[in-house]
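Here is how the chains run, residue by residue.
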Amino acid sequence: MVTAYDYPSALHVDRAGIDVILVGDSCAMVELGYSTTQPITMDEMIHHCKAVKRGVGVAGNQNDTQQTATTPMLVGDMPFGSYEISPTHALQNAYRFLKEAGMDCVKLEGGSSQRCETTRQLVQGGIAVMGHVGLTPQAISVLGGFRAQGRSAIRARKILDEALRLQDAGACSVVLECVPSNVARVITDALEIPTIGIGAGPHTDGQVLVYHDMLGMTSHPHHEHFVPKFCKRYARVGDAVAEGLEQFKQDVKGGSFPGEEFSPYKMTEAEEVAFDNLLAQDAMNREKSKDVAARRLKEEDEYESLNLYGGSSNGNDNDNGNGSANGDNSTK
């Protein structure tokens, strides 16, 4: 499983033959720039889920030599505040993921008795549910930040019990995040439904990583500081993007782009001659119009400087009306 948040990322993940695409609420951090997952709204999640849905099944799976019509399972992450109030509220929001956004399943965090009751009612309502235990990022205010879970025997047993409750409630799978690998192994062995690990070692049934993290989408040092320790970098796309943008800037400044190679649209010689003749008919008028426009723009710029931004640089706010910025009224 890999996250995707928009049309192009869904295209790439689908073409790679990944089994499951998670439209995660991590979108809040890697796409929208928030410091946590909590601020993202239902409407924003639906917006991104729709874009991902449009990106799957468009191009053939590059690993599918038999040309079968398989597409990845799409999972919509229910955002903070969209399912905690009541099972009825959760049902209303979950239906939006399926009916409006085309998701196959929803994911919600936590394995408490209340959360499992919500899971049970969603499943009874015809909605497939993926559970999520261990580190639950939406609950960082309670957990005290993004911290590994299950490192004590009591807490590890609690996470096991949460996963078992989710299975009993009808969850189709469970994400195990940031737990010791031996704990993940015990949970995986205890469950009949698949486990999907993220920072949980090699013993889960599947693995998930965030698209931006695994591909090195952002090369800024600030982002590098926050890439999780468990994330393997499979590419450094951000470096290539930065190099491409820098090269574009240099080519434009140096005049080498676009050049003839990237200027494909041509006139016939006859049309060029006709165009030159048309231009010659009003060349003087166009030059006068250009001068008028230049004077008008210069006057508007000086007006903004004097009146909008607090006066001229010498502190004299007088404008003699002829575009002068020095406040000289000697011509009046």
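Look up a bit, the structure's there.
To start, this report covers the structure provided alongside it. Quick caveat, the model's predicted, so the values are computed rather than measured.

### A closer look at the overall build of the protein chain
Scanning the protein chain for helices and strands turns up 13 helices and eight strands. Sorting the 332 residues of the protein chain into buried and exposed places 38% on the buried side. Nonlocal contacts in the protein chain, meaning residues at least 24 apart in sequence, comprise 54% of its contacts between residues at least 6 apart. Total accessible area on the protein chain is roughly 19,100 Å²; 53% of this is exposed by carbon and sulfur atoms.

### So, the layout of surface pockets
A volume near 350 Å³ is recorded for the second largest pocket. Forming the walls of the second largest pocket are 18 residues, and the residues nearest its centre are Glu109, Gly110, Arg115, Thr136 and Ala139. Contributions of two or more residues to the lining of the second largest pocket are made by β5 (129–134), α6 (140–143) and α7 (153–169). Here the lining of the second largest pocket gets three residues from one element, more than from any other, and that element is α7. Here the residues of the lining of the second largest pocket are counted per class, giving six nonpolar, six polar and six charged.

### Digging into the pattern of salt bridges
Evaluation of the coordinates by the stated rule reveals 11 salt bridges. The shortest N-O distance in the salt bridge between Asp43 and Arg96 comes to 3.0 Å. Here the residue Asp43 occupies a position in helix α3 (residues 42–55), and Arg96 occupies one in helix α4 (residues 87–99), the gap between them amounting to 53 residues. Residue class for Asp43 comes out exposed when judged on its relative accessible area of 52%. Measuring nitrogen to oxygen at the nearest pair gives 3.3 Å for the salt bridge that ties Glu300 to Arg296. With Glu300 and Arg296 both in helix α13 (residues 283–308) and four residues apart, the pair spans about one turn of that helix. Three or more residues are tied together by salt bridges with common partners; here these are Asp43, Arg96 and Glu100.

### Regarding the packing of helix α1 (residues 7–15) against α3
Interhelical geometry of α1 versus α3 gives an angle of 40 degrees and a closest axis separation of 7 Å. The angle between the axes of α1 and α3 places the two elements in the oblique class. Here α1 runs over α3; the crossing is right-handed. Within the contact between the two elements, α1 uses Tyr7, Ala10, Leu11 and Asp14 and α3 uses Ala51, Val52, Arg54 and Gly55. Looking at side-chain class alone, the contact of α1 with α3 contains five nonpolar, one polar and two charged residues.

### Some details on the sheet that holds strand β8 (residues 206–207)
Taken in spatial order, the eight strands of this open sheet run β1-β2-β3-β4-β5-β6-β7-β8, and their pairing is parallel. Of all the strands in the sheet, just β1 (2–3) and β8 have a single pairing partner and so form its edges. Here strand β3 (residues 73–77) runs beside strand β4 (residues 105–107); their pairing, made up of three bridges, is parallel. Across the sheet, Asp77 pairs through a bridge with Lys107, a residue of β4. The sheet strands contacting α7 are β5 and β6 (173–177), and the helix crosses β5 at an angle near 175 degrees.

### A closer look at α7
Helix length check: α7, at 17 residues, gives a terminal C-alpha distance of 24 Å against a target of 24 Å (1.5 Å per residue), a fit within 8%. When we look at burial in α7, the residues that qualify are Ala156, Ile159, Leu160, Glu162, Ala163, Leu166, Gln167 and Ala169. Buried residues along α7 sit in contact with α5 (113–124), β5, β6 and α8 (181–190). Gly170 sits one or two positions beyond α7 and adopts a positive phi of about 110 degrees.

### Quick look at the environment of Val23
Here Val23 shows up in strand β2 (residues 20–23). Not counting residues up to four positions away in its chain, the partners in contact with Val23 are Ala4, Met45, His48, Cys49, Val52, Val75, Gly76, Asp77 and Met103.

### Quick word on the packing of aromatic side chains
As enumerated under the stated definition, the model contains two aromatic pairs in all. Centre to centre, the rings of Phe248 and Phe257 are 6.0 Å apart; their planes meet at 70 degrees, and the pair counts as edge-to-face. For Phe257, a relative accessible area of 36% puts it in the partly exposed group. A ring pair is formed by Phe257 and Phe262, whose centres lie 5.8 Å apart and whose planes are at 45 degrees; its orientation type is tilted. An aromatic cluster is defined as three or more aromatic residues linked by ring pairs; in this entry it consists of Phe248, Phe257 and Phe262.

### Observations concerning the state of the cysteines
Using the criterion set out here, one finds zero disulfides in the structure. With no disulfide of its own, Cys105 lies 4.0 Å from the sulfur of Cys172, the closest cysteine sulfur. On the basis of relative accessible area, Cys105 is assigned to the buried category, the value being 0%.

Quick notes on the rules
- Residues numbered from 1 in each chain as written.
- Predicted model: local features only at pLDDT ≥ 70, side-chain atom pairs only at ≥ 80, totals over all residues.
- Heavy atoms only, no water.
- Helix = DSSP H or I, 4+ residues; strand = E, 2+ residues; numbered from the N terminus.
- Buried < 20%, exposed > 50% of the residue type's maximum accessible area, 1.4 Å probe, protein only.
- Contact = heavy atoms within 4.5 Å.
- Areas by Shrake-Rupley, 256 points an atom, 1.4 Å probe, with all protein chains shown as cover.
- 1 Å grid on protein atoms, 1.4 Å probe; cavity = no way out; pocket = protein on both sides within 12 Å on 5 of 7 lines; lining within 4 Å.
- Points joined across faces, edges and corners; volume = space filled by probe spheres on them.
- Nonpolar A, V, L, I, M, F, W, Y, C, P; charged D, E, K, R; others polar.
- Salt bridge = Lys/Arg side-chain N within 4 Å of Asp/Glu carboxyl O.
- Axes fitted to C-alpha atoms, helices over the stretch in contact; angles between N-to-C directions.
- Parallel < 35°, antiparallel > 145°, perpendicular 65-115°, else oblique.
- Left-handed = near helix turned anticlockwise from the far one by under 90°.
- Pairing = 2+ DSSP bridges.
- Expected span 1.5 Å × (residues − 1).
- Phe/Tyr/Trp six-rings, centres within 6.5 Å; stacked < 30°, edge-to-face > 60°.
- Disulfide = S-S within 2.5 Å.

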